[in-house]
Every structure is written in structure tokens, then in C-alpha cells.
Amino acid sequence: MVTVWRSLVLVLFLLVFPRSVASAQGVTDAEIAEARALFMAGQAAVESGRWSDAVDSFSRAYDLSGVAAALYNLGFAYRALCFQGDRYAAGKNCSALHG
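Asker: Can you walk me through the environment of Leu38 in this structure?
Answerer: Examined against the element boundaries, Leu38 turns out to sit in helix 3 (residues 29-47). With relative accessibility at 9%, the residue Leu38 sits in the buried group. Residues Leu38 and Ala70 lie 32 residues apart in sequence; the distance between their C-alpha atoms is 9.4 Å. Those residues within four positions of Leu38 in sequence are excluded, and the remaining contacts are Ser57, Arg60, Ala61 and Leu64.

Right, dumping it as C-alpha cells:
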């Protein structure tokens, strides 16, 4: 079920960020391609439990594209790091996630 959800988010990322919006934001085709590749790398990292790698990929994808799906997945990866107890990798914001 989780894999299906993540696949849906990937599809939304690829569909919601049309080239016309990218052009309006000053994002080049090369940056769009790089953001998509980074997003997919983040997905692969999530599926293999490499949360720090996922954070890096989703963060860079969001920086390039500004697409909400990348930001959502970035938050998801940070949350997973916190629940694994890796507060150093996740930063000092884990207490807000633990309630």
C-alpha cells in the first residue's frame, strides 16, 4: 500500500509540474530533468530505507522545481529519520514530530 501511495506521488510530481509553469518560474528544461531524476532517486532511497539519501534527493529536487510533492516527500523522509532516532541527521526539529 505504501509503495502504491509513493508511486502516485511520483506520478503527480511528473504531471503537476508542466513545462509552462516551469518556464514561468524561470526553470530550464535541464533543471526539470534533474529535479525529476532527483525525485526518482529519492523514491529509490525511501524504498531501500536510506532516509538520509532520500532527504538529500528530495531537498535538491524541491530546490530546483519548487514542486509540493518533493517538499511533502522531504518531510516524510525527515519524519522517518526522527522516528529512527537519528536526530543528528534530521536536525533539531524531531521533538515536534514526537508529540
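Still more ground to cover, so stick around.
Asker: Looking at this structure, how should I read helix 3?
Answerer: One full turn of an α-helix is made of 3.6 residues, so residues set three or four places apart face in the same direction. With 19 residues, helix 3 extends 27 Å between its outermost C-alpha atoms, agreeing within 8% with the 27 Å of an ideal straight helix rising 1.5 Å per residue. Of the residues making up helix 3, those classed as buried are Ile32, Ala35, Leu38, Phe39, Gly42, Gln43, Ala45 and Val46. One face of helix 3 carries all of its buried residues, which in axial projection span an arc of 160 degrees. The exposed set on the far side of helix 3, more than 90 degrees from its buried face, consists of Ala30 and Glu47. The positive-phi residue at the C-terminal boundary of helix 3 is Gly49, with phi of around 75 degrees.

Asker: Would you take a moment to explain the pattern of salt bridges for this structure?
Answerer: A pair can form between side chains of opposite charge whenever their charged atoms are brought close. If you walk through the whole model with that rule in mind, you get 2 salt bridges. A salt bridge links Arg60 to Glu34; the nearest nitrogen and oxygen atoms lie 3.8 Å apart. Remark: Glu34 occurs in helix 3 and Arg60 occurs in helix 4 (residues 51-65); sequence separation between them is 26 residues. On the basis of relative accessibility, which here comes to 46%, the residue Arg60 falls in the partly exposed class. For Glu34, a relative accessible area of 36% corresponds to the partly exposed category. As a salt-bridge pair, Asp53 and Arg50 come within 2.8 Å of each other at their nearest N and O atoms.

The rules behind these values
Residues numbered from 1 in each chain as written. Predicted model: local features only at pLDDT ≥ 70, side-chain atom pairs only at ≥ 80, totals over all residues. Heavy atoms only, no water. Helix = DSSP H or I, 4+ residues; strand = E, 2+ residues; numbered from the N terminus. Buried < 20%, exposed > 50% of the residue type's maximum accessible area, 1.4 Å probe, protein only. Contact = heavy atoms within 4.5 Å. Expected span 1.5 Å × (residues − 1). Arc of directions from axis to C-beta. Salt bridge = Lys/Arg side-chain N within 4 Å of Asp/Glu carboxyl O.

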